[in-house]
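So you can see what is in the structure, the chains are spelled out below.
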Amino acid sequence: MTSLSKSATNIENLIGKAREGNDLSRAEIIQLLQMPEDHSPALFTAADDVRKEQVGDEIFLRGIIEFSNYCERNCLYCGLRCANAKISRYRMTADEIIAAAQQIKNLRIPTVVLQSGEDSFFSTEIICNLIERVRAETGLIITLSLGERSLADYQAFAQAGANRYLLKHETASRDIYNYLRPGCKLESRLQCLFNLKKLGFETGTGNMVGLPGQTPEILADDLLIMKKLDADMLGIGPFIAHPETPLAGIDNDALELTCRVVAIARLITRNTNIPATTALSTLHPQGRIQALQAGANVVMPDFTPDIYKIRYDIYPGRTDVGSAAEIMVKLEKDFASIGRSLLYSAGYRKK
Ligand code: SAH
Ligand code: SF4
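First, a word on what this report is: a plain description of the structure on this page. (Residues numbered from 1 in each chain as written. Chains lettered and ligands numbered in written order. Predicted model: local features only at pLDDT ≥ 70, side-chain atom pairs only at ≥ 80, totals over all residues. Heavy atoms only, no water.)

Right, let's get into the sheet that holds strand E5 (residues 164-166). The strand order across the open sheet formed by 6 strands is E2-E3-E4-E5-E6-E7, and the pairing between neighbours is parallel. Edge positions in the open sheet fall to strand E2 (63-68) and strand E7 (233-238), since each of these has one partner strand only. For this sheet the average axis-to-axis angle between neighbouring strands, irrespective of direction, equals 20 degrees. The pairing of strand E4 (residues 141-145) with E5 spans 2 bridges and is parallel. Paired with Thr143 across the two strands is Arg164, which belongs to E5. Helix H10 (residues 255-269) rests against strand E6 (202-209) and E7 of the sheet, and its axis sits at about 165 degrees to E7. (Pairing = 2+ DSSP bridges. Helix = DSSP H or I, 4+ residues; strand = E, 2+ residues; numbered from the N terminus. Axes fitted to C-alpha atoms, helices over the stretch in contact; angles between N-to-C directions. Contact = heavy atoms within 4.5 Å.)

Next comes the structure, spelled out in structure tokens:
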């Protein structure tokens, strides 16, 4: 056997080992991230099989409302950063948020994600009132994605009726984290995630793929953080450079690599809920479909009213503009083409 065919067999064995649910070492994860591209289809098929076996064929839906684009942080990658003076800022009123949530409910989507920049205008009390109103007036399951808050805040949000929280750790590299999130610490972010888990939130973490300075070793550490946290949801998306940030102009064609990270995440975490992120469909028209065939099982259609949606300019080129009903028709059609249907139920992680 030539050394080339030996290494091909080795990779096939490794994919088979992961497929069967055996733990992968850091070195093995790095090997999967670095393997030649002709092995990707086998990796994606293994992840797709595990997705089917663990969470089924249905695509879970979460309706997202981006209710404020004010942010006090200055993350180098994000168009909402406070130093971006060109963005037109908005805050939705409670009534506007309830109206958008009502649309989500009318389409039978069971859960809403309320997302914003880190905006202290939305005090603990305002957020708790909002949670109580959404619960009382729509009965939707509530996911929050408001960034880092104190343990007491998270506790208050849980008591008010929030069920889930998304807070991506973004990158496992302390150096890259310190550079990209001035004044922030990876340890604090991880502490927030532990606090959320302790309080009983279904907790989501995740990363960006294609960040400057990122290596396969760092991506492997991202995956090991996801596993160690025993996170319920994993948001894995490509970094897309925004022209009004210090990272403007950095090219990212990490579609394939992002799908690889999604696939390995599925293989090592088994029954988690993994969205095919909007950033993937922004990077490539087929991005979302590819991720859904490489381990992902969730989509998060955007129900922010169009007047605000275009101003929630985290990264350029975000798709899914149009009315809620139009978006749903398009999604149904796209997913039927790969033999998958939408699931209109809560979609809690099955443990
Ligand atoms: N302020 C909150 C939630 C809004 S940001 C927070 O930071 O957690 C939501 C996500 O957008 C972040 O977790 C980040 O991963 C993603 N994001 C920001 N800028 C991005 C970019 N340029 N490309 C891809 N994803 C980006
Ligand atoms: Fe603010 Fe979140 Fe953007 Fe950072 S990633 S600038 S915290 S909205």
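With that settled, the discussion passes to the packing of aromatic side chains. Across all of its chains, the model carries 5 aromatic pairs by this definition. Between Tyr90 and Tyr308, the aromatic rings sit 4.7 Å apart at their centres with planes inclined by 25 degrees, giving stacked as the arrangement. Of this pair, Tyr90 sits in the loop between E2 and helix H4 (94-106) while Tyr308 sits in helix H13 (residues 306-309), and the two are 218 residues apart along the sequence. Judged by relative accessible area, Tyr308 falls into the buried class, the value being 10%. Ring plane angle 70 degrees and centroid distance 4.9 Å describe the contact between Tyr154 and Tyr165, whose orientation is recorded as edge-to-face. Placement of the pair is Tyr154 in helix H6 (residues 151-160) and Tyr165 in strand E5, with a sequence separation of 11 residues. (Phe/Tyr/Trp six-rings, centres within 6.5 Å; stacked < 30°, edge-to-face > 60°. Buried < 20%, exposed > 50% of the residue type's maximum accessible area, 1.4 Å probe, protein only.)

Now for the pattern of salt bridges. Applying the stated rule across the entire model yields 25 salt bridges. When the shortest N-O distance is used, the salt bridge between Arg133 and Glu137 registers 2.8 Å. Separated by 4 residues within a single helix, Arg133 and Glu137 lie in helix H5 (residues 124-138), roughly one turn from each other. Its relative accessible area of 28% is what places Arg133 among the partly exposed residues. A network of salt bridges, in which partner residues are shared, links Arg73, Glu118, Glu148, Glu170, Arg181 and Arg189. (Salt bridge = Lys/Arg side-chain N within 4 Å of Asp/Glu carboxyl O.)

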